[in-house]
Amino acid sequence: MCYYPEQWPRGKWAEDARRMVELGLSWVRIGEFAWAKIEPRSGEFHWEWLDEAIDVLGKAGLKVILGTPTAAPPKWLVNRYPEILPVDATGAVRKFGARRHYCFSSRRYRSEAARITEAMARRYGEHIYVHAWQTDNEYGDHDTIYSYSAEAVGAFRLWLAERYGSIDELNRAWGTSFWSMRYDSFEEIDLPNNLVEEPSPTHGVDFIRFSSDQVKSFNKAQVDIIRAHSPGRPVTHNFMSQNTDFDHYRVGEDIDIASWDVYPMGGLLNGRLAAKDKEHYLRVGDPDQPAFNHDLYRAVGRGRVWVMEQQPGPVNWAAHNQSPADGMVRLWTWLAYAHGVDMVSYFRWRQAPFAQEQFHAGLLLPNSEADQGYLEVAEVVAEMKRLPEGEVRGKAQVAIVLDYESRWATRVLPQGRSYSASAVALDWYSTVARLGVDVDFIGQHSDIAGYKLILAPDLVIAEEAFVERLTRADAKVVFGARSGSKTRDMHIPEGLPPGPLAKLIDISVSRVESLPEFHSETVLYGNEAYEAGGWRETVRTSETVIASFDGEYRNGAPALVGSDKARYLAVAANGALLDKVIGDALGWAGLESLPDLGDLRVTRRGNLRFAFNFGRIPAEVPAGASAEFYVGGRTLKPVDVAIWRE
Amino acid sequence: MCYYPEQWPRGKWAEDARRMVELGLSWVRIGEFAWAKIEPRSGEFHWEWLDEAIDVLGKAGLKVILGTPTAAPPKWLVNRYPEILPVDATGAVRKFGARRHYCFSSRRYRSEAARITEAMARRYGEHIYVHAWQTDNEYGDHDTIYSYSAEAVGAFRLWLAERYGSIDELNRAWGTSFWSMRYDSFEEIDLPNNLVEEPSPTHGVDFIRFSSDQVKSFNKAQVDIIRAHSPGRPVTHNFMSQNTDFDHYRVGEDIDIASWDVYPMGGLLNGRLAAKDKEHYLRVGDPDQPAFNHDLYRAVGRGRVWVMEQQPGPVNWAAHNQSPADGMVRLWTWLAYAHGVDMVSYFRWRQAPFAQEQFHAGLLLPNSEADQGYLEVAEVVAEMKRLPEGEVRGKAQVAIVLDYESRWATRVLPQGRSYSASAVALDWYSTVARLGVDVDFIGQHSDIAGYKLILAPDLVIAEEAFVERLTRADAKVVFGARSGSKTRDMHIPEGLPPGPLAKLIDISVSRVESLPEFHSETVLYGNEAYEAGGWRETVRTSETVIASFDGEYRNGAPALVGSDKARYLAVAANGALLDKVIGDALGWAGLESLPDLGDLRVTRRGNLRFAFNFGRIPAEVPAGASAEFYVGGRTLKPVDVAIWRE
Amino acid sequence: MCYYPEQWPRGKWAEDARRMVELGLSWVRIGEFAWAKIEPRSGEFHWEWLDEAIDVLGKAGLKVILGTPTAAPPKWLVNRYPEILPVDATGAVRKFGARRHYCFSSRRYRSEAARITEAMARRYGEHIYVHAWQTDNEYGDHDTIYSYSAEAVGAFRLWLAERYGSIDELNRAWGTSFWSMRYDSFEEIDLPNNLVEEPSPTHGVDFIRFSSDQVKSFNKAQVDIIRAHSPGRPVTHNFMSQNTDFDHYRVGEDIDIASWDVYPMGGLLNGRLAAKDKEHYLRVGDPDQPAFNHDLYRAVGRGRVWVMEQQPGPVNWAAHNQSPADGMVRLWTWLAYAHGVDMVSYFRWRQAPFAQEQFHAGLLLPNSEADQGYLEVAEVVAEMKRLPEGEVRGKAQVAIVLDYESRWATRVLPQGRSYSASAVALDWYSTVARLGVDVDFIGQHSDIAGYKLILAPDLVIAEEAFVERLTRADAKVVFGARSGSKTRDMHIPEGLPPGPLAKLIDISVSRVESLPEFHSETVLYGNEAYEAGGWRETVRTSETVIASFDGEYRNGAPALVGSDKARYLAVAANGALLDKVIGDALGWAGLESLPDLGDLRVTRRGNLRFAFNFGRIPAEVPAGASAEFYVGGRTLKPVDVAIWRE
Ligand SMILES: [Zn+2]
Ligand SMILES: [Zn+2]
Ligand SMILES: [Zn+2]
């Protein structure tokens, strides 16, 4: 439960705690925006209220997750050290008045963040009711990873010096011979904003890499302090869904559990789907977006994933904020559990009647009455009791590679305005999910043993070591277009794309083109014609051509090529073509799948099997004859859940 | 007539004046952009040309409205005091080179504005030909109400200190416990621009309130000076149509007559209508936008309203500038008269062949030939002579509440991108107008005695005192969605929305949602199904449910609820649903209405009845059998006017 | 050939040169981005690599075009003189890191540019292998003509003082009496950015004129230095297609040959056509955009035009970057030749695997394999050998007036958002081209002798002297709407538009209107009805009304008026109406034309006739019975070329 004692009169705390426990909740997160309440003036600490809040919550039976309050530096700190404020890409200072107003490169802010973290960790590190910690909150929210401050410039130069060793090496990597962009020393280098034209893509990606590393070290400093003072308590960070502004795996290395924010309503409206599908899923959300992120953050958390903020009703931050259908809070909670999530916390306990988020629902209305979400949580708690304990989500047989560096590569050099790496990844995930097959996410450093099929929708920067491991693994691999198209230096590989991937499949990409939204290409695959668009490549190969292009331009050119080990898709695909490509690949890898599930989704956690109906009409659950149902039954109403064991 | 002697050779003045009088005009406005001509260098006054201009105009028979020239500070003033320039939200100074380049918080500009006003008022205050004054011109044009200057910060802090008394009270109101936003003193507060994320909505609305008050005090200073030196002459300000950047009622309190700008062509293209309706009304404009503003500014002027600038042909400032149909200048002039306007001034006498507005038509072409507008004014003058004198627009039986604070509330916290409070208000007005019913606008401090029906499309911040007066009044009331949803502090009311309105109708709003453009909800009302969209609320009530929602989401929930006194509409409505809601409400309030008038509009001023045909085919006027026509007859051609007495 | 020895190891140069010659190329452009390689630190010149590069290329048999490297100032220069950086309209400095990061008003940059030009010209001016020079590169790329720097302000004031002589004259021209904008001295004047509202249009156009003159003088300084040291070598500049940010004729006066960039793929997507036509021409481009520019730059080069950069495959800079159809590189090369181009250089020899443009194709792939473009160039070289030599493109019988000042007039005062002067000009050109008629472009100072028909699509600012010459010429003239509507001072002409054009046709424009995209007007022309939109004028005339408006608004008003000498079109026309207007005008001028060619284009160079098929189906070439084909035949496949002699 997300709870803010600093926002409510003390008199309400005990009653709130009692009702949380009564509802069946066991965890409560507090503190992550409370710096000004803890330390209202420099060095003047007011612990008494927080002592009391933890006591009241703990005594009621709740385990406290304590957040470091660094996402919201207080005004006195900004007054004294205005240099901690972040600077936007136009050079304007981003002012105090909301949250996340700090620059990750500010040394002063790093020392202040360490100071407040240390103070909290010392006071509460071994507190009986403090069972876990959260660092900061939602790195990346409000576009705050990239700061163009003077300190960022300085830190970037040091980072470059470390990465490249010599300025000549940087000149080589950035290709500064191109437009007389040569540097004589690292001190000459500036940030890639306010240029006349786009910077060298290596300059662009290096700034993202640097900024990502700044987040990692900022976070790690807090983790180290907490661990020193609070042994045995896990540390988490609460990530934003699908944010790729920094490398989440690298931050994940330093924490014990990854947690994330489940807000599918805004996710739907901002997301990949066409308007008619958004209409269809208006109040249930994209069926695959939450599951995608559960699976992704399970990888970020190296197996451990929590939901720190579950949408309990309409929210406030999207362009429009529709209500979830009644039943969705229950459905999403079960979906999280099914995908391996071990704790679901709702944001927030009670709707705030003041300040920025007053249109954001809570489990309680502002007047403390139970709202719809409250009732649904009660239902889940009751249902949970029927289930056997100790079921663990196992490893999947299919893995999808999500690589942050590759995302940065297409962000900096998109080449086509309509290319969305985020939509590509979600489309591939969704296609597998609709065939009833579970998925793990992996990075290029993950263990890949045991996977039968590895999907790489756009592994733009393929590392040699990863390719080496793929070669030796048993898995079949499917690469999407653009895979292997850039080196670590953001160059075209020598010998053309897909660079090192040619070890897995003998192809060479001699031309790429991005295509406008109004145009589509035709692909012939097994005597059927499919439409595809947005991106097309010309591939030369000695391997089998599984599908080919049809039409005036390079008629007959390969669209899907396969070796014994790997397949390469030379076009951006979604819809029916992607269904065909993925469906065939599952069979090729010896995996079973179900017929297209439509609006149903199924998955398993240990011996438990789950089905979720995101559709508008009842659906039959694909349960065996001997299935034993814990929740629901063979026919599933819209917005309903079934749980069984075969 | 809007006339600029400073733009023309002296030799043309007498002839121009003669032709104005010949045309039948009696008023001429001059001076509002002439500062540099009056005082070309600091303290060096050149009155002689203005003396002569007033003399020439006055002797010809025209009454002069003299404008203070503060809308256009001269270059020497900007050179000497660059701090008078306004600052935009990015922090950039807005430079000299056009007009309105001043910050309302500049103390220097206030003293300079007072100085030039005093100089003019002393010289011409008792001039025989000066019959009225205008302060400045078009407050709010070019987005100039909000300035983010250093002086604005200082003045805002003082304003806050006055409003809140103590910083604790401000912290409470702004909800600064939310994200550690707590302030220790008023000196710490900054303007709500360039933040990382949106400010506290109370911070946002307070800045608008402050800016609005700055306009009021700026204006009042001029009015006081003029009144001291020019007794008996009314003072007006020329407002922009539908601008809600400041509280027009509060500025209106200090003047004698409100005047405004009638530019329906740009109003149509920028306005609420769908593209096919814009096409239908292309050269006649939105039939309700001018009438809406006549009625609104009649309220701002506490009964006295003028048109200071009537579009005489195509203008220059909209994205496209179509020509009005021939006849529209006449029609709009009569429409103004019918709605209680006592003086119509055309902008401008002669089209300027130079500078910014050379594509803006005049009554005369640049070469002094009469253009179409001139001919139509002549027609009106002739027709006017046939009418009885002294007819006064009476009080209506229906009032619409337009509340500026409520507009700011939805501007700062829109919650849904497609929510337009301006469109909502105009849609409600238009619906009443199409049923042939006259309307007054009221604010929360207006006298409400005598109204049978009060419509509050979105009275977001309902004041207790106003609710109290509604309770005691005879009027029935219809509230639109969002009414009563925020307190003066921009909080959700204790006990949920609609806060104080629950005294009039026992409802409680437990959930709101904003809906994307591609979705609509179905409402069942009297066995008919209607579509509505954009905003929907979940209402709990003990009152009668008049209409209800139909569909998968909360099927059967109340869409329109009614008590004996009030009705509450829980959805954003327009089109057929709004017709039904308003039509029923008129009957409920015991008012008569006409069948839907389509493109015809009717209204009355005293004993005179008027009809206007905005359509493309002839229409029958709803005149009684005994009607006696002054202008036109029973069948009205497109773009034509009928005036009769029953 | 565009070649960058500084980007490749020396070991590759000889082989590259050998292959260029083998392919049949004879010219190679180098050096234009190589400043940092030539002078890596201030005053430290490294000529040896360039000496060697020129030697290697020259000895292989290539003629070198040497570019001055001023489009890419090196970092050390920016470090030392940061004031050379350009400033954007918001006031932000545009930083180092790409190219074109200089302000044309920087005196320091002018002296540095002269210094490096002098150094190169001295060293290579009489070099045996250096056969031509290019100044800088692509003036205007990345929106770099307008800089809002402190030096630009100062230079603008001097320029104004020179133009106007006295501040009173400037006040008159700018119409500063309008809004108290009066200036006391030139020192008070600022640049027209960051204003509260648009500046005086004369202020706006004067800033463009000034900026254009800065480009001319910047360029001429280089030309003068080169001519002093490199007698007998022609000097060119490589222009951007359709850029109108400065007066290309005026820069063209100072060079020997105009060259330009042929990138039709991006040109199509950014261009005038509707989405369905963009789809139709997706991989062949707008059939008229390259020809338009060949003809235009032939005028800029006073008869001599080169293509310095021909697209050889997909590029990198458009929103989407589709591949040209196979065959288009050959087609575009022949199209250039047919339109009088004497040298076609491809950009670039080899695709760069690093830096900003790595998605830009070359004739070679990054690994030095021949790509499609290479093969097509080989084809052209072989075909070229079959043709007779010495054929020269003759003067056309039709001329289109393209006037840069007129473009600036509509840019500064568009009056309608959808008005595109660029689309208007290309539509008129295309209409003539589809009728098989060749065109020359002319400016107002061009020789007009011999033309039978002169088309002026929007000669907004018509110079008296030009009108005088038109009067005396034999040519018939067709004016589009807006012609003659502004004086040199950006005023409406005394006596109304079309000002001096009334000498050619007795009309007077009393009203103009711009119309939104959703509306169209109907024009009756010879008993047929046509649709037109966007712009309409009310014209009074004593001449023959050839076509007239039909509809509710001013029904019957003239849409096309004609005298013996001239016709005036009072509406924005394209499609069928423009076909009719132009088709009729050709007949009226005694010119022969072909039936609508559809997707075919024909033209002639000397005795050679050319046909190009931009369509998707075969087409019949309009060759006479006795035609003798050098390339292709009577039936032309898609993307194919025929060359014959009658
Ligand atoms: Zn790695
Ligand atoms: Zn009030
Ligand atoms: Zn000229």
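Every chain begins its residue count from 1, and numbering advances along the sequence as written. For this description, chains carry letters from A and ligands carry numbers from 1, given in the order in which they are written. Local features are withheld for residues below a pLDDT of 70 in this predicted model, meaning they are given only at 70 or higher, and side-chain atom pairs are given and counted only at 80 or more; totals for whole chains, interfaces and linings count all residues. Processing note: side-chain calculations cover all non-hydrogen atoms of the structure and skip hydrogens and water entirely.

An unreviewed UniProt entry lists chain A under the name Beta-galactosidase, with Rhizobium meliloti given as the organism. Looking at the Sequence similarities (unreviewed entry) heading of the UniProt record, one finds this comment for chain A: "Belongs to the glycosyl hydrolase 42 family." UniProt positions are given in the numbering used here, feature names are shortened, and annotations may be inferred rather than shown by experiment. Among the UniProt annotations of chain A, the heading Catalytic activity (unreviewed entry) holds the following wording: "Hydrolysis of terminal non-reducing beta-D-galactose residues in beta-D-galactosides."

**Student:** Sorry, what's going on with the overall build of chain A here?
**Tutor:** Along its length, chain A carries 18 helices and 24 strands. Radius of gyration means the value over C-alpha atoms here, while the globule rule gives 2.2 Å times the residue count to the 0.38 power. Its C-alpha atoms give chain A a radius of gyration of 25 Å, within 12% of the compact-globule value 26 Å for 646 residues. Dimensions of chain A along its principal axes, counting C-alpha atoms only, are 75 × 75 × 40 Å. For every residue, the accessible area obtained with a 1.4 Å probe (protein chains only) is divided by the maximum for its type, and the residue is called buried under 20%, exposed over 50%, and partly exposed between those limits. For chain A, with 646 residues in total, the buried portion stands at 67%. In what follows, residue pairs with any heavy atoms lying within 4.5 Å of each other are defined as contacts. Within chain A, residue pairs in contact and separated by at least 24 positions form 70% of the contacts whose partners lie at least 6 positions apart. Of the roughly 20,500 Å² of accessible surface on chain A, a fraction of 49% belongs to carbon and sulfur atoms. The charge count includes Lys and Arg as positive and Asp and Glu as negative, but it does not include His or the ends of the chains. By convention, charge coordinates are those of NZ in Lys, CZ in Arg, CG in Asp, or CD in Glu. Each charge class in chain A can be summarised by its mean position, and for the 72 positive and 88 negative side chains these summaries are 3 Å apart. Only runs of H or I of at least four residues qualify as helices and only runs of E of at least two qualify as strands under DSSP, and these elements are numbered from the N terminus. All accessible areas in this document rest on Shrake-Rupley with a 1.4 Å probe, and a residue is counted as covered only by the protein chains that are shown.

**Student:** When you look at the interface of chain C and chain B in this model, what are you seeing that I'm missing?
**Tutor:** One widely used convention gives an interface's size as the accessible area the parts lose upon coming together. The partner chain B presents 63 residues to the 51 residues of chain C that form the contact. Joining two parts hides part of their accessible area as seen by a 1.4 Å probe, and the buried area is that hidden amount summed over both. Summing the contributions of chain C and of chain B, the shared interface buries around 4,800 Å²; its carbon and sulfur component is 54%. Among the residues chain C hides against chain B, the three largest losses belong to Phe178(C), Trp179(C) and Val196(C). Together they make up 17% of the total. Here, a salt bridge means any Lys or Arg side-chain nitrogen found within 4 Å of an Asp or Glu carboxyl oxygen. Counting every contact that joins chain C to chain B gives eight salt bridges. Across the pair Glu513(C) and Arg283(B) runs a salt bridge, and its minimum N-O distance is 2.6 Å.

**Student:** Hey, could you run me through unusual backbone geometry in this one?
**Tutor:** Negative phi characterises most residues that are not glycine, and trans characterises most peptide bonds. A cis geometry characterises the amide bond from Pro497(A) onward to Pro498(A), with omega recorded as 5°. In the segment running from Phe347(C) into Arg348(C), the intervening peptide bond is cis, with an omega of 15°. In this structure, Arg348(C) sits in the loop between strand E7 (341–346) and helix H14 (372–384). Backbone geometry at Met490(B) places phi at a positive 65°, although glycine is not the residue there. Inspection of the secondary structure puts Met490(B) in the loop between strand E11 (476–479) and strand E12 (507–514). A positive phi is found at Arg554(B), a non-glycine position, where the angle reads about 45°. You can see Arg554(B) is positioned in the loop between strand E16 (544–550) and strand E17 (558–562).

**Student:** What is the right way to look at the interface of chain C and chain A in this model?
**Tutor:** Tallying the contact residues gives 63 residues for chain C and 51 residues for chain A. At the boundary of chain C with chain A, total buried surface from both sides reaches about 4,900 Å², with 54% on carbon and sulfur atoms. Counting the contacts that link chain C with chain A gives eight salt bridges. Polar contacts here mean pairs of N or O atoms no more than 3.5 Å apart (in protein, one a potential hydrogen donor and the other a potential acceptor; neighbouring residues in sequence count only if both atoms are side-chain atoms). Between chain C and chain A we count 32 residue pairs in polar contact (both at pLDDT 80 or more) in total. When residues of the side of chain C that touches chain A are traced back to their parent elements, those giving at least two are helix H2 (35–38), helix H4 (75–80) and helix H11 (275–280) of chain C.

**Student:** In this structure, what is going on with the UniProt feature "active site" (unreviewed entry) in chain A? I would like to understand it.
**Tutor:** Residues and elements named next belong to chain A. In the numbering used here, UniProt assigns the "active site" (unreviewed entry) feature to Glu138 and Glu309. Spatial clustering of the annotated residues is evident: they stretch over 172 residues in sequence, but the largest pairwise C-alpha distance comes to 10.6 Å. With respect to the secondary-structure elements, Glu138 resides in the loop between strand E3 (130–135) and helix H6 (150–164). Excluding anything up to four places from it in sequence, Glu138 contacts Arg99, Arg100, His237, Asn238, Met240, Asp261 and Glu309. Mapped onto the secondary structure, Glu309 falls in strand E6 (residues 305–310). A polar contact of 2.9 Å, which involves the side chain of Glu309, links it to the side chain of Arg29.

**Student:** Can you walk me through the relation of the copies chain C and chain A in this structure?
**Tutor:** To go from the first copy of the chain to the second, apply a rotation about an axis and then a shift along the same axis. The copies were overlaid by least squares, fitting only the C-alpha atoms of residues that reach a pLDDT of 70 or more in each copy. Superposition record for chain C on chain A: RMSD 0.0 Å, screw rotation 120°, translation along axis 0.1 Å. A rotation of that kind, with that shift, is consistent with a three-fold axis. Scanning chain C for the C-alpha nearest the rotation axis identifies Thr90(C), at a separation of 5.6 Å.

**Student:** Would you mind showing me how to read the sheet that holds strand E2 (residues 63–67) of chain C here?
**Tutor:** Consider a sheet: its strands pair through backbone hydrogen bonds, and that pairing is either parallel or antiparallel. Residue and element names in this part refer to chain C. Strands were regarded as paired on the criterion that DSSP finds at least two bridges between them. Read from one edge to the other, the open sheet built from seven strands follows the order E1-E2-E3-E4-E5-E6-E7, with strand pairing classed as parallel. Edge positions in the sheet fall to strand E1 (27–30) and E7, since each of these pairs with one other strand and no more. When the angles between neighbouring strand axes are averaged without regard to direction, this sheet yields 25°. Summarising the sheet, E1 and E2 pair through four bridges and their orientation is parallel. Counted as the bridge partner of Val28 is Val64 from E2. Comment: axis = line fitted to C-alpha atoms, over the contacting stretch for helices; angle = value between 0 and 180 degrees taken between N-to-C directions. Together, E2 and strand E3 (130–135) form the strand contacts of helix H5 (residues 107–124), whose direction differs from that of E3 by roughly 175°.

**Student:** What am I meant to see in the coordination of the zinc ion (ligand 1) here?
**Tutor:** Residue and element names in this part refer to chain A. For the zinc ion (ligand 1), the full set of protein donor atoms is His445 (NE2), Glu463 (OE) and Glu463 (OE), and the range of their distances to it is 2.2 to 2.7 Å. Taken together, the residues span a long stretch of sequence, with His445 in the loop between strand E9 (439–442) and strand E10 (453–456) and Glu463 in the loop between E10 and helix H17 (464–472) at a distance of 18 residues. In this structure His445 comes out as exposed when scored by relative accessible area, which is 64%. Classification of Glu463 by relative accessible area gives partly exposed; the value is 30%. Atoms of type N, O and S within 2.8 Å of a metal are treated as its donors, and for Na, K and Ca the window is 3.2 Å; water is not considered, so some sites may appear to be missing partners.

**Student:** How do you make sense of the pairing of E2(C) when you look at a structure like this?
**Tutor:** Within a regular strand, the side chains alternate between the two sheet faces. Residue and element names in this part refer to chain C. Burial analysis of E2 places four of its five residues in the buried class, the great majority of the element. As paired strands, E2 and E3 are joined by four bridges and run parallel to one another. Note that in E3 the partner of Ile65 across the bridge is Ala132.

**Student:** I would appreciate a short explanation of the sheet that holds strand E11 (residues 476–479) of chain A in the present structure.
**Tutor:** Residues and elements named next belong to chain A. If you walk across this open sheet you meet the nine strands as E9-E8-E10-E11-E18-E17-E16-E13-E14, and the pairing is mixed. The sheet terminates laterally at E9 and strand E14 (528–532), the two strands that pair on one side only. Strand-to-strand twist across the sheet, computed as the mean angle between neighbouring axes with direction ignored, equals 20°. As judged from the four bridges shared by strand E16 (residues 544–550) and strand E17 (residues 558–562), these two strands associate in the antiparallel manner. Paired with Thr544 across the two strands is Gly562, which belongs to E17.

**Student:** When you look at helix H3 (residues 48–60) of chain C in this model, what are you seeing that I'm missing?
**Tutor:** Because an α-helix packs 3.6 residues into every turn, residues spaced three or four apart end up facing the same way. Residue and element names in this part refer to chain C. An ideal rise of 1.5 Å per residue puts 18 Å on 13 residues; H3 measures up with 18 Å between its terminal C-alpha atoms. Taken together, the buried positions of H3 are occupied by Trp49, Leu50, Ala53, Ile54, Leu57 and Gly58. The arc enclosing the buried residues of H3, seen along the axis, measures out at 155°, which places them on a common side. Buried-residue contacts for H3 involve helix H1 (10–23), E1, H2, E2, H5 and E3. Following H3 by one or two positions, Gly61 has its phi on the positive side, about 115°. The length a helix should cover is 1.5 Å for every residue beyond the first. The arc in question is the one traced by the directions running from the helix axis out to the C-beta atoms.

**Student:** I'm lost on the UniProt feature "domain: Beta-galactosidase C-terminal" (unreviewed entry) in chain A in this one. Help?
**Tutor:** When the UniProt feature table is mapped onto this chain numbering, "domain: Beta-galactosidase C-terminal" (unreviewed entry) sits at residues 599–646 of chain A. The distance from the first to the last C-alpha atom of residues 599–646 of chain A is 22 Å, and the span holds 0% helix and 52% strand.

**Student:** Would you take a moment to explain the environment of His127(C) for this structure?
**Tutor:** Residue and element names in this part refer to chain C. Among the structural elements, His127 can be located in the loop between H5 and E3. C-alpha separation for the pair His127 and Pro324, spaced 197 residues apart in sequence, amounts to 38 Å. Residues in contact with His127, not counting those within four places in the same chain, are Ile54, Asp55 and Arg233. Of the polar contacts made by the side chain of His127, one reaches the backbone nitrogen of Tyr129; its length is 3.0 Å.

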